[in-house]
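Chain by chain, the residues:
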Amino acid sequence: MTISMKIPSRELWSYFGYGLGQCFSFGLVGSFINYFYTDVLGISALAASTIFLVARAWDAIHDPLFASVMDTIQTRFGKFRHFMLLAPFLITLVTLASFHNIDAPMGTKILYAGGTYILWGTLYAISDIPFWSMSSVMSSEPKERTKAVTAAVLGVNAGIACASIFFPRLTAFFAPGSNDHGYFMATVVMMIVGLLLMLNGFWHVKERVPPSTEKVTMRDTFHNLKNNRPLFFVLASFFFCVLHNIANGIYIYFFIYNMGDGALQAAIGVMGILAAIACLTAPLLTRRYKKRTLFIALCILDIVVRIVLWFSGYHNLTWLFILLGLSTVFVMMSNLFTSAMIVDTIEYAEYKTNKRCAAITFSGQTFTGKMSVAVGGGLVGIFLTAIHYVPQAAHQTESVLNGLFFGISLLPAVGSLIRIGFMWFFDFTEDKHAEVLAILEQRRKSGEIFEEPPQGEGRPLEV
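Here the structure is a predicted model, which means the values were calculated and not measured.

*Asks:* Can you walk me through the overall build of the chain in this structure?
*Replies:* Helix and strand counts for the chain come out as 17 helices and zero strands. Across the 463 residues in the chain, those meeting the buried criterion constitute 60%. Pairs at least 24 apart in sequence give 84% of the contacts found in the chain among residues at least 6 apart. Just so you have it, the chain exposes about 19000 Å², and 68% of that area is on carbon and sulfur atoms.

Next comes the structure, spelled out in structure tokens:
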């Protein structure tokens, strides 16, 4: 019996919903945990930075290990789907613990913050790696798989945006009579909604691509990752959103001290929602232009907008939000194309090693995304210390205000420039991907284990 590889609209919406609910947690931690540590829990910015960097060192060990295990097991739910049943409960509990303001000596607070943050990163991988890996097994048809990746990217970005929109309002609602600025109760509300969205995603998302009958070992998965050179350039470009993540961590300080209204942070979330809608144009753009070309063009546009913002200043609120909104669109769309290129590199690695290891490929994205956010969060603390920011002060000096504005304007432009540099060396474009797909299909039909491509022009391995 032939299995239809078409993904129903309801399933795409459920997949979108899982990413939305999961990234309530990612958005809360990415945008608010640094401020929670310094201005609610009361630990120093340098202590917070140390926590972030230690956590990512641990991620470098456990993320690929988790992924290698996922690539080697199979259950009645499929290869990845069963993880999407357990992970929502784990993520919900650890996110609540991360935003709990304990009453304890400072040393204990630092240990608690470090323990919960490291545990959050560990458990988040159990959800994020299979979530992205599902896009490679929901269908084998490139157009359908692109739909799945688009739904995933939109869900992820919408979830992060919703955290910025609703969390500040919820904290203000729960703040009266609370010793933690309402952070914990706001987290409870956000994560209950996120839990329901993730569980709905589990029930309705399906795996259609039959698993390989060939045994895949942990050694195979790491060999697969080692031979995936195009993946390196995509992940390096993805990582250098780190300077944009510094800006994300600085926004709350900028709006409180430069603009005098921390509630303006919600506007960043609204921009994220609008940018996610704009991402719906991505499939149309990829019909005419290569993903690499679009990525570079978007980074250039981001640089231009950030430079204009710096010279325009921030006193015109409308103009400020127009420029920040445009930058949000450009960055979000560029990340959509990186995710699509990561999916393509799965076939490249399979071509090189004759083993299909989707989870280990997406573990690279999960680890790089967490590393980018964590290093960004760590550098926020260093950045604030460098500009002489004073936690919990009623007012900051003029030099601090200028430093905060630099952090949300020119600093991300440097990140976009670096991203262009890495993507310049990526040339596993659509033409070469099509060649690899054709060779893989020929192998499957003939039952051959390995086949070298034709020599000469167009050889897809020359990347």
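There's plenty left to go through after this.
*Asks:* How do you make sense of the nonpolar core when you look at a structure like this?
*Replies:* A general trend in soluble globular proteins is that nonpolar side chains are found buried together. Core analysis: the largest hydrophobic core is formed by 135 residues, its most contacted members being Tyr15, Tyr37, Tyr117 and Leu404. Among the elements that line this core, the one with the most residues is helix H1 (residues 9-41), at 17 residues.

*Asks:* Quick question: what am I supposed to make of the packing of H1 against helix H6 (residues 183-204) here?
*Replies:* If you want to describe how two helices pack, look at the angle between their axes and the distance between the axes. Between H1 and H6, the shortest axis-to-axis distance is 7 Å and the interhelical angle comes to 155 degrees. Put simply, H1 runs roughly antiparallel to H6. H6 is crossed by H1, and the crossing has left-handed handedness. Classifying every residue of the contact of H1 with H6 by side-chain character gives 14 nonpolar, 10 polar and two charged.

*Asks:* When you look at the packing of aromatic side chains in this model, what are you seeing that I'm missing?
*Replies:* Within this structure, the stated rule accounts for 36 aromatic pairs. Their ring planes at 40 degrees and their centres at 4.8 Å tell us that Tyr15 and Phe131 sit as a pair that is tilted. Taken together, the residues span a long stretch of sequence, with Tyr15 in helix H1 and Phe131 in helix H4 (residues 106-133) at a distance of 116 residues. Measuring from ring centre to ring centre gives 6.3 Å for Phe36 and Tyr37, while their planes differ by 55 degrees; the resulting arrangement is tilted. Judged by its relative accessible area of 0%, Tyr37 falls in the buried class. A connected cluster of aromatic rings, assembled from ring pairs, spans Phe26, Phe32, Phe36, Tyr37, Phe52, Phe99, Tyr117, Trp120, Tyr124, Phe167 and Tyr183. Over the face of the ring belonging to Phe202 we find Arg81, whose NZ or CZ atom lies 4.4 Å from the ring centre. Sitting over the ring of Trp424, Arg292 keeps its end group 5.5 Å from the ring centre.

*Asks:* Whenever I open this one, the side chain of Ser237 confuses me. Can you help?
*Replies:* When you line up the elements, Ser237 lands in helix H8 (residues 229-239). When residues no more than four places from it in sequence are discounted, the contact partners of Ser237 are Phe295, Arg419, Phe422 and Met423.

*Asks:* Honestly, empty space enclosed by the protein in this entry has me stumped. Any pointers?
*Replies:* Vacant regions in the atomic arrangement are exposed by a probe of water-molecule size rolled over the atoms. In total, this model carries four cavities of 30 Å³ or more according to the counting rule given. By volume, the largest cavity amounts to about 860 Å³. Lining the largest cavity we find 39 residues, and of these Asn157, Ile160, Asn245, Asn248 and Asn335 sit closest to its centre. Elements with a minimum of two residues in the lining of the largest cavity: H1, H4, helix H5 (142-174), helix H9 (242-258), helix H10 (265-278), helix H13 (317-353) and helix H14 (358-386).

*Asks:* Teacher, can you tell me more about helix H17 (residues 430-446) here?
*Replies:* Given 3.6 residues per helical turn, the α-helix brings residues three or four places apart onto the same face. The terminal C-alpha atoms of H17 lie 24 Å apart, and with 17 residues this matches the ideal 24 Å at 1.5 Å per residue to within 8%. Within the span of H17, buried status applies to Lys432, His433, Val436, Ile439, Leu440 and Arg443. Across the axial projection of H17, the buried residues extend over an arc of 125 degrees, all falling on one side.

*Asks:* Would you explain the environment of Gly115 in this entry?
*Replies:* Here Gly115 is to be found in helix H4. For the pair Gly115 and Ser98, spaced 17 residues apart in sequence, the C-alpha separation works out to 8.8 Å.

*Asks:* For this particular structure, what's the right way to read the packing of helix H12 (residues 291-312) against H13?
*Replies:* Between H12 and H13, whose axes approach to 9 Å, the crossing angle comes to 160 degrees. In terms of axis orientation, H12 runs roughly antiparallel to H13. The two elements H12 and H13 meet at a crossing, and its hand is left-handed.

Analysis parameters
- All residue numbers here refer to positions counted from 1 along the written sequence of the relevant chain.
- Given that the model is predicted, a residue must reach a pLDDT of at least 70 before its local features are reported, and side-chain atom pairs must reach 80 or more before they are shown or counted; all residues, however, enter totals for whole chains, interfaces and linings.
- Side-chain metrics in this entry use all non-hydrogen atoms of the structure; hydrogen atoms and water are not considered.
- We count a stretch as a helix when DSSP gives it H or I for four or more residues in a row; a strand needs E for two or more, and each element gets its number in order from the N terminus.
- Any residue under 20% of the maximum accessible area for its type is buried, any over 50% is exposed, and the rest in between are partly exposed; the area is computed with a 1.4 Å probe on protein chains only.
- We call two residues in contact whenever any of their non-hydrogen atoms come within 4.5 Å of each other.
- Residue-level accessible areas treat just the shown protein chains as cover; the underlying method is Shrake-Rupley with a 1.4 Å probe.
- For this analysis, a nonpolar core means a set of buried residues of the types Ala, Val, Leu, Ile, Met, Phe, Trp, Tyr and Cys, connected via side-chain atoms within 4.5 Å.
- With axes taken as lines fitted to C-alpha atoms, and helix axes fitted only over the stretch in contact, angles between N-to-C directions fall between 0 and 180 degrees.
- To sort the angles, those under 35 degrees are grouped as roughly parallel, those over 145 as roughly antiparallel, those from 65 to 115 as roughly perpendicular, and the leftovers as oblique.
- Put simply, a crossing is left-handed when the front helix is turned counterclockwise from the back one by less than a right angle, and right-handed when it is turned clockwise.
- Put simply, Ala, Val, Leu, Ile, Met, Phe, Trp, Tyr, Cys and Pro go in the nonpolar bin, Asp, Glu, Lys and Arg in the charged bin, and everything else, Gly too, in the polar bin.
- Pairing of aromatic rings covers Phe, Tyr and Trp, the last counted by its six-membered ring, and requires centre-to-centre distances within 6.5 Å; plane angles under 30 degrees mean stacked, over 60 mean edge-to-face, and any other angle means tilted.
- For a ring to carry a charge above it, either NZ of a lysine or CZ of an arginine must fall within 6 Å of the ring centroid while also lying within 35 degrees of the normal to the ring plane.
- The rule is simple: put a 1 Å grid over the protein atoms alone, call a set of points where a 1.4 Å probe fits but cannot get out a cavity, call an open set with protein on both sides within 12 Å along at least five of seven lines a pocket, and count a residue as lining if it has an atom within 4 Å of a point.
- Grid points are joined across faces, edges and corners, and a volume is the space filled by probe spheres set on the points.
- In a helix, the anticipated span is given by 1.5 Å times the number of residues less one.
- Working definition: the arc comes from the directions between the helix axis and the C-beta atoms, pointing outward to the latter.

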